[in-house]
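Fold and geometry: a report
Listed below are the residues making up each chain.
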Amino acid sequence: MRTVGVIVEYNPLHNGHLYHLQQSKKITDADAVIAVMSGHFLQRGEPALADKWARTEMALQAGCDLVLELPVAYSAQPAQWFAYGAVALLDATGIVDALCFGSESGDLQALDAAAQALTDEPEALAVRLSSLLKEGRPFPSAYTAAAQQLLAARGHADLAFTLEQPNHTLGLHYLIALRQLGSRIVPYTISREKSGYGQTEITDGAIASATAVRRLLAESGSWARLTPYVPASTLEILIREAEAGRAPLDWESFARPLFHELLRTESAELAVFAEVTEGLEHRIRRAIPELSQFSVGALLDRLKTKRYTRTKLQRTLLRILLGHRKEQLTPARLAAGVEYIRVLGFSSKGRAQLHEMRTRASVPVVTSAARGNWEYLKMDTRASAVYALAFRDPDSAAVIRDFTMPPIRLDPE
């Protein structure tokens, strides 16, 4: 089977995602789709609306054949390491022929030219980036400026637009990762339809961003209001999870465990966690007594500055909540790639892919957390346990579900 890979969060899966899946198969002439999906915590440092098993169901119902978990070590990272971890995982399967991602322009040639220029001169890029960071710029802004400066210096000023939109940035890093890994996977891109990544407003038609869908739910309190924008199967799964007290979750669902961790931990102890940089531990400790209520949103508002973006701060609080230390997430460790492949679900066609993957993958394939002792897998099981504590009625079964839950299976009726 010819197989295309997609890299997703599905928070939740909506009609735009469905379009992406359909077009990915069409333009790559693929027989099957493998999705690398973030688990319970996402790229901008936010908890998922629903747990990874519910979102795996959404993916399978929408047409994915095999769903693999992107470890939380990578899933809550800036674009560079999020993309690298996801591409490394697809490459490790040994069975993915193509990667298809959405972009604002749909211009693969320009994105690939920019990726080549940036891959060929990593030291020059690093020097420019370091200089801009020392000026006090937040990392995303500094990286964009450094990359654009390097492109302009090498006669590629016309490629600067490839760094100016979120999906361009992710796509660029997917292409850089393919080059760094020497992967045989062939990239493709399609232009996003109607709604941009992170767009909060719903304009017209049946396609809205995941951010807009979540905002509509938060403002209306009505699952029925999502009907025009998500597949019927997604809505059915979300309603089921809500009735069971497992959705919708957001940062405020984790306020109690987060503030417990912050209140019991001294500044020096906070400094050992990943993303806690440049004295941010002191800023966090000073901000807590100034809060009128223990709200994560209020804390983020108090901490946010020009240098510390909301996304950076969310990732920081997440690493503290989950106990992720700096030495676990060093560039050298992240660059080493994945040590295992965790299967979350498969269709009947995906069953055949799973069998083939077991023979061709470069790392072990596991269907349960009980079958491995890797550090990043342990981090995922702890993340699942913390996530389960935010359910309406958490119990031990939910906390240890990573060890007991078999992959979701979608078989034709």
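1. Topic: the overall build of the protein chain
From N to C terminus, the protein chain includes 20 helices and 8 strands. Its C-alpha radius of gyration of 21 Å places the protein chain within 12% of the 22 Å reference for a compact globule of 413 residues. Overall, the C-alpha framework of the protein chain stretches about 60 × 55 × 45 Å when taken along its three principal axes. Relative to its full complement of 413 residues, the protein chain shows a buried share of 56%. Accessible surface computed for the protein chain: about 17000 Å², of which carbon and sulfur atoms make up 50%.

2. Some remarks on the packing of helix 6 (residues 122–134) against helix 7 (residues 139–153)
Relative orientation of the contacting elements helix 6 and helix 7 amounts to 135°, with a least axis distance of 8 Å. The angle between helix 6 and helix 7 falls in the class oblique. The chirality of how helix 6 crosses helix 7 is right-handed. From helix 6, A124, L125, R128, L129, L132 and L133 reach across to helix 7, where they touch F139, A142, Y143, A145, A146, A147, Q149, L150 and A153. Residues that form the contact of helix 6 with helix 7 fall into these classes: 13 nonpolar, 1 polar and 1 charged.

3. Quick word on the side chain of S183
Here S183 is to be found in the loop between helix 8 (166–181) and strand 5 (186–191). A distance of 2.7 Å separates a polar atom in the side chain of S183 from a polar atom in the side chain of D91. Not counting the four nearest positions on each side in its chain, S183 is found in contact with D91 and L178.

4. Description of the environment of H168
Checked against the element boundaries, H168 lands in helix 8. Residue H168 is classed as buried on the basis of its relative accessible area, which comes to 3%. Separated by 60 residues in sequence, H168 and L108 place their C-alpha atoms 9.8 Å apart. Apart from the residues lying within four places of it in its own chain, the contact partners of H168 are S103, E104, S105, L111, F161 and T162.

5. Comments concerning the pairing of strand 2 (residues 32–38)
Strand 2 sits mainly inside the fold: 7 of its 7 residues count as buried. Residues A32, I34, V36 and S38 point to one face of strand 2 and V33, A35 and M37 to the other, with burial holding for every one of them. As defined by bridge partners, strand 1 (residues 3–8) adjoins strand 2 across 6 bridges and the pair is classed as parallel. Bridging from a neighbouring strand, I7 pairs with V36 of strand 2. Sheet topology places strand 2 next to strand 3 (residues 66–70); 5 bridges connect them, and they run parallel. Bridge pairing in strand 3 links V36 to L68.

6. Quick notes on the environment of L70
Assignment of secondary structure puts L70 in strand 3. Note on L70: relative accessible area 1%, which makes it buried. A C-alpha to C-alpha distance of 30 Å links L70 and S222, two positions 152 residues apart in sequence. Setting aside its immediate chain neighbours within four residues, L70 contacts V36, M37, S38, G39, S75, F82, G85, A86 and L89.

7. Considering the packing of aromatic side chains
This model, assessed by the stated rule, comprises 11 aromatic pairs. Taking 5.9 Å as the distance between ring centres and 85° as the angle between the ring planes, the aromatic pair formed by F41 and Y387 counts as edge-to-face. Within this pair, whereas F41 is found in the loop between strand 2 and helix 2 (52–62), its partner Y387 is found in helix 18 (residues 375–388), the two being separated by 346 residues in sequence. With a relative accessible area of 1%, F41 lands in the buried category. Their ring planes at 10° and their centres at 4.7 Å tell us that F259 and F294 sit as a pair that is stacked. With F259 in helix 11 (residues 255–264) and F294 in the loop between helix 13 (280–287) and helix 14 (296–303), this pair connects stretches of sequence that are 35 residues apart. According to the relative accessible area criterion, F294 is partly exposed, its value standing at 46%. A cation over an aromatic ring shows up here: R333 above the ring of Y376, its NZ or CZ 4.0 Å from the ring centre.

8. Things to note about the nonpolar core
The biggest cluster of nonpolar side chains holds 105 residues, and the ones touching the most others in it are L99, L118, Y174, F254, L262, I341 and M357. Sort the elements by how many residues they give to this core and helix 4 (residues 79–93) lands first, with 10 residues. With near-sequence residues (within four places) excluded, I341 lies in contact with L68, L89, A92, T93, M357, A361, V363, P364, V365 and V366. Counting 40 residues, the second-largest nonpolar core is a separate cluster that includes V4, A208, L217 and A247.

Reading the values: rules and limits
Residues numbered from 1 in each chain as written. Predicted model: local features only at pLDDT ≥ 70, side-chain atom pairs only at ≥ 80, totals over all residues. Heavy atoms only, no water. Helix = DSSP H or I, 4+ residues; strand = E, 2+ residues; numbered from the N terminus. Rg over C-alpha atoms; globule rule 2.2 N^0.38 Å. Buried < 20%, exposed > 50% of the residue type's maximum accessible area, 1.4 Å probe, protein only. Areas by Shrake-Rupley, 256 points an atom, 1.4 Å probe, with all protein chains shown as cover. Axes fitted to C-alpha atoms, helices over the stretch in contact; angles between N-to-C directions. Parallel < 35°, antiparallel > 145°, perpendicular 65-115°, else oblique. Left-handed = near helix turned anticlockwise from the far one by under 90°. Contact = heavy atoms within 4.5 Å. Nonpolar A, V, L, I, M, F, W, Y, C, P; charged D, E, K, R; others polar. Polar contact = N/O pair within 3.5 Å; in protein donor to acceptor, adjacent residues only side chain to side chain. Pairing = 2+ DSSP bridges. Phe/Tyr/Trp six-rings, centres within 6.5 Å; stacked < 30°, edge-to-face > 60°. Lys NZ or Arg CZ within 6 Å of the ring centre and 35° of its normal. Core = buried A, V, L, I, M, F, W, Y, C linked by side-chain atoms within 4.5 Å.

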